[in-house]
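What the coordinates show
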Amino acid sequence: MWPFGKNTAERVKDAINANSVLSPLGLAVQEQGGTVTVTGEVPRQSLVGLISAVAGGISGVRSVDTSGVTVTESQAAPAAETPSEPVQMPDIVQESAGPATATPASTPAPAPAKSPAQTDLSDKLTEDNSRVAKAVLAALRGNGELADDPIDVLQSGKSVILRGVVDSDHEKRLAEQLARDVDGVAGVDSSGLRVAAGVKDLAKEKDEQTGDTVYTVKPGDSLSAIAQKYYGDAMEYKKIAHYNNISNPDLIQPGQRLRIPG
């Protein structure tokens, strides 16, 4: 459950999949030490910038490496159409008698395809909107009350989506207001922003290599109590045990670092 179980790479992947332009491309995402590496193929150069803009709205992302993204668009100019020879149509003879023949309905012409310039402009507008999401994240990170809250910002048209957890209803309202105050934001969807007291302490420790949330075991802790804190369900202790290769869930030691799975 985000933000406790999903690492940075998984959340960037979610953001890419939430973008209607990037979602069908099947891009791969990895993260190490705050650097997100995206690999795969895109049909246009303009989408490389869009990838960086979308990833930049995710908390914990320090830089985005798109050097592994290959652009597959053809550089060749389209071949000129060869004019066809005129076709001689037969004369139409109108009969003076007999039943009238219905004229077949004409087939609607297909919608004209976007020109490369129109497509690039559309991509640029989408990228600009995603940069607005990055600006919202910067505003949240710059606020003393919200700086340590695990919040991601996604883009949907000219609106932004806040996803994550805050400590209180006050912080949720504050996040909404800060987002609305950013230039270019037309609307804010905070339905994915949950309230959970103590979230700063639960989410502040991260594995430097994977971005996983990490919990350091304290005296008196049990896996079921830890599962209750993170998932709201003590029975999820099995998931934590399996993810950390713990054969006996009753044997954990103070100081032991546990990665919290999704």
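Just so we're clear, the structure is a prediction, and the values are computed from it rather than from any experiment.

What to know about the overall build of the chain
Summing up its helical and strand segments, the chain has seven helices and eight strands in all. For the chain, the residues scored as buried account for 37% of the 262 residues in total. When contacts within the chain are restricted to residue pairs at least 6 apart in sequence, those whose partners lie at least 24 apart make up 63%.

Overview of the layout of surface pockets
Where empty space is left in the structure can be found by rolling a water-sized probe over the atoms. Put simply, the second largest pocket is a space of about 170 Å³. Only helix H2 (46-55), strand S3 (63-71) and helix H3 (116-141) provide two or more residues apiece to the lining of the second largest pocket. By residue number, the principal contributor to the lining of the second largest pocket is H3, which donates four residues. A class-by-class count of the residues in the lining of the second largest pocket yields five nonpolar, five polar and four charged.

Description of the confidence of the model for the chain
Of the residues in the chain, 74% have a pLDDT of 70 or more, and the chain-wide mean is 81. Here H3 is the element of the chain with the lowest mean pLDDT, 73, and helix H4 (residues 169-180) is the one with the highest, 96. Below a pLDDT of 50 lies the segment residues 75-80, which in the model reaches zero contacts outside its immediate sequence neighbourhood of four places, other chains included.

Focus on the pattern of salt bridges
Applying the stated criterion across every chain yields a total of two salt bridges. Among the salt bridges present, the one from Arg-11 reaches Asp-152, with a minimum N-O distance of 2.8 Å. Of this pair, Arg-11 sits in helix H1 (residues 8-17) while Asp-152 sits in strand S4 (residues 151-156), and the two are 141 residues apart along the sequence. Given the relative accessible area of 6%, Arg-11 is considered buried. Between Glu-236 and Lys-239 there is a salt bridge whose closest N-O contact spans 3.4 Å. Look at Lys-239 and you get partly exposed, because its relative accessible area is 31%.

Remarks on H1
Among the residues of H1, Thr-8, Ala-9, Arg-11, Val-12, Ala-15 and Ile-16 are the ones counted as buried. End-on, the buried residues of H1 take up no more than an arc of 165 degrees, which puts them together on one face. Contacts from the buried residues of H1 go to strand S1 (28-32), strand S2 (35-42), H2 and S4.

A short note on the sheet that holds strand S5 (residues 159-166)
The strands making up a sheet associate through backbone hydrogen bonding, with each pair oriented either parallel or antiparallel. Spatial ordering of the open sheet is given by S4-S5-S6, a layout of three strands whose pairing is mixed. Of all the strands in the sheet, the pair left with one neighbour each is S4 and strand S6 (187-195). Taking each pair of neighbouring strands and ignoring which way they run, the sheet shows an average axis angle of 15 degrees. Summarising the sheet, S5 and S6 pair through seven bridges and their orientation is parallel.

Regarding the nonpolar core
Within soluble globular proteins, side chains that are nonpolar generally end up buried alongside one another. Val-12, Ile-16, Leu-22, Val-29, Val-38, Val-42 and Ile-51 are the most contacted members of the largest nonpolar core, which has 20 residues in total. Taken together, the elements giving at least two residues each to this core come down to H1, S2 and H2. Looking at this core, the element that brings in the most residues is H2, giving six residues. Among the nonpolar cores identified, the runner-up in size contains 18 residues, and Leu-146, Ala-175, Ala-179 and Leu-193 belong to it.

Section: unusual backbone geometry
Negative phi is the rule for most residues except glycine; trans is the rule for most peptide bonds. Although it is not a glycine, Asn-245 sits at a positive phi angle of roughly 55 degrees. Take Asn-245: it is sitting in the loop between helix H7 (237-243) and strand S8 (257-260). By relative accessible area, Asn-245 is classed as exposed at 71%.

Some words on the pairing of S8
Every second residue of S8 is oriented toward a common face, the buried set being Leu-258 and Ile-260 and the non-buried set Arg-257 and Arg-259. Sheet analysis places strand S7 (residues 213-216) next to S8, joined by four bridges and oriented antiparallel. Paired with Thr-216 across the bridge in S8 is Arg-257.

Digging into H4
Every α-helical turn comprises 3.6 residues, leaving residues that sit three or four positions apart pointing alike. Taking 1.5 Å of rise per residue, the 12 residues of H4 would be expected to cover 16 Å, and the 17 Å separating its terminal C-alpha atoms lies within 8% of that figure. Of the positions making up H4, those classed as buried are Glu-171, Leu-174, Ala-175 and Ala-179. The buried side chains of H4 occupy one side of the element, clustering within an arc of 130 degrees when seen end-on.

What counts as what
Going along each chain's sequence as written, the residues are numbered from 1 onward. A pLDDT threshold of at least 70 governs which residues receive local features in this predicted model, and a stricter bar of 80 or more applies before side-chain atom pairs are shown or counted, although totals over entire chains, interfaces and linings include all residues. Each side-chain value is derived from all of the structure's non-hydrogen atoms; neither hydrogens nor water enter the calculation. For the purposes of this entry, the term helix denotes a DSSP run of H or I that reaches at least four residues, the term strand denotes a run of E that reaches at least two, and both are numbered from the N terminus. When a residue's accessible area, from a 1.4 Å probe over protein chains only, is under 20% of the maximum for its type it is buried; when over 50% it is exposed; and in between it is partly exposed. The contact criterion used is simple: two residues touch if any of their non-hydrogen atoms lie within 4.5 Å. Residues are said to line a cavity or pocket when one of their atoms sits within 4 Å of a point; the points come from a 1 Å grid over protein atoms alone, cavities being sets where a 1.4 Å probe fits but cannot get out and pockets being open sets with protein on both sides within 12 Å along at least five of seven lines. Grid points are joined across faces, edges and corners, and a volume is the space filled by probe spheres set on the points. All residues other than Ala, Val, Leu, Ile, Met, Phe, Trp, Tyr, Cys, Pro, Asp, Glu, Lys and Arg, Gly among them, are scored as polar; the first ten of these are nonpolar and the last four charged. pLDDT measures the predictor's confidence residue by residue and takes values from 0 up to 100. Just to be clear on terms, a salt bridge is a Lys or Arg side-chain nitrogen sitting within 4 Å of an Asp or Glu carboxyl oxygen. Working note: the arc is built from the helix axis to C-beta atom directions. At least two bridges found by DSSP between two strands are what make those strands a pair. Helix axes are fitted to C-alpha atoms over the stretch in contact, other axes to C-alpha atoms as well, and angles between N-to-C directions run from 0 to 180 degrees. By convention a nonpolar core is built from buried Ala, Val, Leu, Ile, Met, Phe, Trp, Tyr and Cys residues, the set being connected through side-chain atoms within 4.5 Å. One fewer than the residue count of a helix, multiplied by 1.5 Å, yields its expected span.

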